[in-house]
Amino acid sequence: MGNWFNWKKFNLTTFCSILILSSALAGANGPLPVKPNTHLWGFFGHKRINRVAVFTLPPEMLGFFKENIEFITEHAVDPDKRRYSVEGEAQRHYIDIDHYAHNGQNPFEVVPRKWNDAVEKFTEDTLQAYGIVPWHILVMKMRLQKAFESKNVDLILKYASEIGHYIGDAHVPLHTTENYNGQLTGQRGIHGLWESRIVEINAEEYDYFVGKGKYISNVLNFAWEAVEASNAGVDSVLTIEKELTAEFPSDLKYSYEQRGQALIQVYSKEFCDEYQRRLNGMVERRMREAIVGVGSIWYTAWVDAGQPDLSILTNTPPSPELLKELQELEEMYQHTEHKGTICD
Ligand SMILES: [Zn+2]
């Protein structure tokens, strides 16, 4: 698989993605430590998911997607770049499903899967307030399907990249709970520990042979099942970290890494290794599920569009207009104050 990935580039991207530091941190007395930051699946994880998902596709799709694999990889993180500048974006990345359950209820029995039923029961304002990721995956699938139907290269690339992001998020346990960063249980920072730090340290060890994508007859159910499986991991994610913290020498839980001119506080490799060991492969499993899920939804959108011949779209790069739009997004993101953080 070596040729498929540009490991160096990934590592560079990782480093860049963690840079919430500013040169101001390096004062006259040298670099100052800052709090551990958190970073979604990490830009790293999202990019890896989209990239590997390309190889789950059937031959009829593989050529087009391989030709555009750099675009699909890079733009896996666009939805996160929009979070702070586009109203309505943030809630597409999660659902705080436990908000809806009281007295031991199963929230997945309380919240109707269909949007209209859920709106009727809870109002749209409430749904938007606590996150809409499963429904947004369906919206994006329909957009991608239409893009395939019209054979619009720009829109196929844009929506394929972006739906990969939302599917990735739906596979993260802490994207399904109000306690998304351990802030309710004294575990602030755990979001980034699980989906960024662990992934960045271990991603090269993971097994990415996930098999082929398959047709998904009910995309909404697929999205809900992803969320439900993620949510089933929340308790372990939190409990195991709490137990480990209690046992672990407190001065060894964090370490410092030089990033540019600043010293960043991160969970130590030893802590991460032990946490990952106790999670028993959970992070890798969720990542593999996300990869095959992304490939399956791309494939499903294409099938539902009538299996258009993508070979006629090869040698058609994304338009200058699309690249300009995405460049503007990047510039806006670079000037966003919350860059790279979600939870602190
Ligand atoms: Zn996200």
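Note that the structure is predicted; figures quoted are calculated from it, not measured. (Residues numbered from 1 in each chain as written. Predicted model: local features only at pLDDT ≥ 70, side-chain atom pairs only at ≥ 80, totals over all residues.)

Quick notes on the overall build of the protein
Next up, step 1: A tally of regular secondary structure across the protein gives 16 helices and five strands.
Next up, step 2: Expressed as a percentage of its 344 residues, the buried residues of the protein come to 41%.
Next up, step 3: At a minimum sequence separation of 6, the contacts of the protein that also span at least 24 residues come to 79%. (Helix = DSSP H or I, 4+ residues; strand = E, 2+ residues; numbered from the N terminus. Buried ≥ 20, exposed ≤ 12 C-beta atoms within 10 Å, placed from the backbone. Contact = placed C-beta atoms within 7 Å.)

Regarding the confidence of the model for the protein
Next up, step 1: In this model, the protein carries an average pLDDT of 87, and 86% of its residues clear a pLDDT of 70 or more.
Next up, step 2: Of the regions scoring below 50 in pLDDT, residues 1-40 engages in 84 contacts with residues more than four places distant in sequence or in other chains. (pLDDT = per-residue confidence, 0-100.)

Describing helix 9 (residues 133-149)
Next up, step 1: Relative to the 24 Å expected for 17 residues at 1.5 Å per residue, helix 9 spans 24 Å between its end C-alpha atoms, a close match to the ideal helical length.
Next up, step 2: Burial of helix 9 is extensive: 12 of the 17 residues sit out of reach of the surface.
Next up, step 3: Regarding helix 9, the residues found buried are Val-133, Pro-134, Trp-135, His-136, Ile-137, Leu-138, Met-140, Lys-141, Leu-144, Gln-145, Ala-147 and Phe-148.
Next up, step 4: On its buried face, helix 9 sits against helix 7 (115-122), helix 10 (153-170), helix 12 (219-232) and helix 15 (282-304). (Expected span 1.5 Å × (residues − 1).)

Some remarks on the environment of Ser-230
Next up, step 1: As for its placement among the helices and strands, Ser-230 is situated in helix 12.
Next up, step 2: C-beta crowding within 10 Å serves as the criterion here: with 26 such atoms nearby, Ser-230 is assigned to the buried category.
Next up, step 3: Separated by 54 residues in sequence, Ser-230 and Thr-176 place their C-alpha atoms 7.0 Å apart.
Next up, step 4: Among all residues touching Ser-230, those that are not within four sequence positions of it are Ala-170, His-171, Val-172, Pro-173, His-175, Thr-176 and Arg-286.

Focus: the environment of Asp-169
Next up, step 1: If you trace the backbone, Asp-169 turns up in helix 10.
Next up, step 2: Given 30 C-beta atoms within a 10 Å radius, Asp-169 is considered buried.
Next up, step 3: Sequence separation between Asp-169 and His-93 is 76 residues; the distance between their C-alpha atoms is 6.0 Å.

With respect to the pairing of strand 4 (residues 254-259)
Next up, step 1: Where strand 4 and strand 5 (residues 262-267) come together, six bridges link them in antiparallel fashion. When the sheet's bridge partners are listed, Arg-259 is paired in strand 5 with Ala-262.
Next up, step 2: Adjacent in sequence and paired antiparallel, strand 4 and strand 5 are bridged by two residues, among which Gly-260 carries a positive phi angle near 60 degrees. (Pairing = 2+ DSSP bridges.)

Things to note about the nonpolar core
Next up, step 1: Ile-137, Leu-144, Ile-163, Ile-167, Ala-223 and Trp-298 are the most contacted members of the largest nonpolar core, which has 75 residues in total.
Next up, step 2: Per-element tally for this core: the top contributor is helix 15, with 10 residues. (Core = buried A, V, L, I, M, F, W, Y, C linked by C-beta atoms within 7 Å.)

Section: unusual backbone geometry
Next up, step 1: One non-glycine residue, Asn-103, lies in positive phi territory at about 50 degrees.
Next up, step 2: Structurally, Asn-103 is set in the loop between helix 5 (78-82) and helix 6 (107-110).
Next up, step 3: Among the residues examined, Asn-103 registers 4 C-beta atoms within 10 Å and is labelled exposed.
Next up, step 4: The phi dihedral of Thr-123 is positive, around 75 degrees, even though this residue is not glycine.
Next up, step 5: Tracing the backbone through its elements, the reader meets Thr-123 in the loop between helix 7 and helix 8 (124-130).

Thoughts on the packing of helix 2 (residues 42-53) against helix 11 (residues 190-202)
Next up, step 1: Contact pair helix 2 / helix 11: the axes reach a minimum separation of 7 Å and the direction vectors enclose 70 degrees. By the angle between their directions, the pair helix 2 and helix 11 is classed as roughly perpendicular. The hand of the helix 2/helix 11 crossing is left-handed. Between helix 2 and helix 11, the residues in contact are Gly-42, Phe-44 and Gly-45 and Glu-195, Ser-196, Val-199 and Glu-200, respectively.
Next up, step 2: Of the residues in the contact of helix 2 with helix 11, the class split is two nonpolar, three polar and two charged. (Axes fitted to C-alpha atoms, helices over the stretch in contact; angles between N-to-C directions. Parallel < 35°, antiparallel > 145°, perpendicular 65-115°, else oblique. Left-handed = near helix turned anticlockwise from the far one by under 90°. Nonpolar A, V, L, I, M, F, W, Y, C, P; charged D, E, K, R; others polar.)

Here's the deal with the environment of Phe-64
Next up, step 1: Of note, Phe-64 is situated in helix 3 (residues 59-67).
Next up, step 2: Taking the number of C-beta atoms within 10 Å as the measure of exposure, Phe-64 has 23 and is therefore buried.
Next up, step 3: Along the chain, Phe-64 and Leu-157 lie 93 residues apart, while their C-alpha atoms are 9.8 Å from each other.
Next up, step 4: In contact with Phe-64, not counting residues within four places along its chain, are Leu-310, Leu-313 and Thr-314.

Observations regarding helix 12
Next up, step 1: Counted at 1.5 Å a residue, the expected span for helix 12 with its 14 residues is 20 Å, and the 20 Å between its end C-alpha atoms agrees.
Next up, step 2: The elements touched by buried residues of helix 12 are helix 9, helix 10 and helix 15.

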